[in-house]
Amino acid sequence: MPHLVRIWDLPTRLFHWLLALCVIALVTTAQLGYMEWHFRLGYAALTLLVFRLLWGLFGGRWSRFAAFVYSPVTLWHYLRGQGDPAYAVGHSPTGALSVFALLFFLLAQVGTGLFSDDEIAASGPLTRLASSDFVSLASWYHREVGKRVLIVLVILHTLAILYYLWRKRQNLVRPMLTGDKELAQAIPASRDDAGSRLLAAVLLLLSAGAVALLLWLTAP
């Protein structure tokens, strides 16, 4: 008898979709030249990313980094079709690789954006704290490298979702909307109650406060 198990808690799901909207809006505002909004969205994305790092330590069972940190040997076996069926519960080894890559390069993109200067009208809040060489390097990475890397990662992420839907008949989007997965056996669920959601709200406020404090301390 199938078991409906809560895998993705509400804070994880909200983070996922809000970050996706942020990334789309960041690309759009950059292309249209709405730099004031581009920076605001960058601060929002940084807040979400800081929150996710904290939630990776204190969140629901399957949202914690400990639940999807795999060794290279495990990844190799999974790619050869020798993975444990339990890997399909949360993030699989390849899914975990995708998550960590996206988090890393999103942090790199937002971080370099803080130091970027277009030499026309827009400059990041931390440019005055760095040397001109570092600002030039950060600006080049943010504009030429990081953006392209993230586009490739997003495309690969989307193709992986389509592959799982088409070849494996697994809908990976629905659980990220509802939080639940239908599994063949009962497994421990992620905690997703009023207490965990209150903790998430506190961590989000702390993340926003840390970003606001950074901007305040570096304001001219």
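Remember, predicted model here, so these are calculated numbers, not experimental data.

1. Some thoughts on the overall build of the protein chain
Move 1: Helix and strand content of the protein chain: seven helices and two strands.
Move 2: When the helices and strands of the protein chain are read in sequence order from the N terminus, they spell out β-α-α-α-α-α-α-β-α.
Move 3: A principal-axis box enclosing the C-alpha atoms of the protein chain has dimensions of 60 × 40 × 30 Å.
Move 4: Residues counted as buried form 35% of the 220 residues belonging to the protein chain.
Move 5: Sequence-distant contacts in the protein chain: of pairs separated by 6 or more residues, those separated by 24 or more amount to 72%.

2. Side note on the environment of Glu119
Move 1: Note on placement: Glu119 falls in the loop between helix H4 (93-114) and helix H5 (132-167).
Move 2: Once the C-alpha coordinates of Glu119 and Gln170 are considered, the two residues, 51 residues apart in sequence, prove to be 48 Å apart.

3. A few points about the side chain of Arg13
Move 1: Position of Arg13 among the secondary structure elements: in helix H1 (residues 10-32).
Move 2: On the basis of relative accessible area, Arg13 is assigned to the buried category, the value being 9%.
Move 3: A polar contact is formed between the side chain of Arg13 and the backbone oxygen of Leu177, at a distance of 3.2 Å.
Move 4: In this structure the side chain of Arg13 is engaged in a polar contact, spanning 3.3 Å, whose partner is the side chain of Asp192.
Move 5: Beyond its immediate chain neighbours, meaning those up to four positions away, Arg13 contacts Arg6, Trp8, Pro175, Met176, Leu177, Thr178, Gly179 and Asp192.

4. Things to note about the pattern of salt bridges
Move 1: Considering all chains together, one arrives at eight salt bridges under this definition.
Move 2: Linking Arg13 and Asp192 is a salt bridge whose minimum nitrogen-to-oxygen distance equals 3.3 Å. Pair noted here: Arg13 is in helix H1 and Asp192 is in the loop between strand E2 (180-183) and helix H7 (194-217), with a separation of 179 residues, a long-range link.
Move 3: The partner of Glu144 in a salt bridge is Arg148, with the nearest N and O atoms 3.2 Å apart. Of this pair, Glu144 and Arg148 both sit in helix H5, four residues apart, which is roughly one turn of the helix.
Move 4: If you follow the salt bridges from partner to partner, you end up with Arg6, Arg13, Asp180, Asp192 and Arg197 in one network.

5. Some points on the packing of aromatic side chains
Move 1: One pass over the full model with this rule turns up eight aromatic pairs.
Move 2: Relative to Trp55, the ring of Phe51 has its centre 5.7 Å away and its plane inclined at 20 degrees; by these criteria the two rings are stacked. Taken as a pair, Phe51 and Trp55 lie in helix H2 (residues 35-58) at a separation of four residues, close to a single helical turn. Like Phe51, the residue Trp55 is buried in the burial classification.
Move 3: Seen from their ring centres, Phe115 and Phe134 are 5.1 Å apart, and the 85 degrees between their planes marks the pair as edge-to-face. Of the two residues, Phe115 is situated in the loop between H4 and H5 and Phe134 in helix H5; the sequence distance between them amounts to 19 residues.
Move 4: Within the aromatic cluster, the residues linked to one another by ring pairs are Phe65, Phe68 and Phe100.
Move 5: Over the ring of Trp37 we find Arg40; its NZ or CZ atom is 4.7 Å from the centre of that ring.
Move 6: Directly above the ring of Trp62 sits Arg61, whose terminal nitrogen or CZ lies 5.1 Å from the centroid.

6. Concerning the nonpolar core
Move 1: Among the nonpolar cores identified, the biggest contains 26 residues, and Phe15, Leu19, Ala45, Leu49, Phe51 and Leu103 are the most heavily contacted of them.
Move 2: Every element with two or more residues in this core is listed here: H1, H2, H4, H5 and H7.
Move 3: Not counting residues within four places of it along the chain, the set of residues in contact with Phe15 comprises Leu48, Leu49, Phe51, Arg52 and Leu103.
Move 4: Counting residues in hydrophobic clusters, the runner-up holds eight residues, among them Ile7, Trp62, Val89 and Met176.

Basis of the calculations
- Residues numbered from 1 in each chain as written.
- Predicted model: local features only at pLDDT ≥ 70, side-chain atom pairs only at ≥ 80, totals over all residues.
- Heavy atoms only, no water.
- Helix = DSSP H or I, 4+ residues; strand = E, 2+ residues; numbered from the N terminus.
- Buried < 20%, exposed > 50% of the residue type's maximum accessible area, 1.4 Å probe, protein only.
- Contact = heavy atoms within 4.5 Å.
- Polar contact = N/O pair within 3.5 Å; in protein donor to acceptor, adjacent residues only side chain to side chain.
- Salt bridge = Lys/Arg side-chain N within 4 Å of Asp/Glu carboxyl O.
- Phe/Tyr/Trp six-rings, centres within 6.5 Å; stacked < 30°, edge-to-face > 60°.
- Lys NZ or Arg CZ within 6 Å of the ring centre and 35° of its normal.
- Core = buried A, V, L, I, M, F, W, Y, C linked by side-chain atoms within 4.5 Å.

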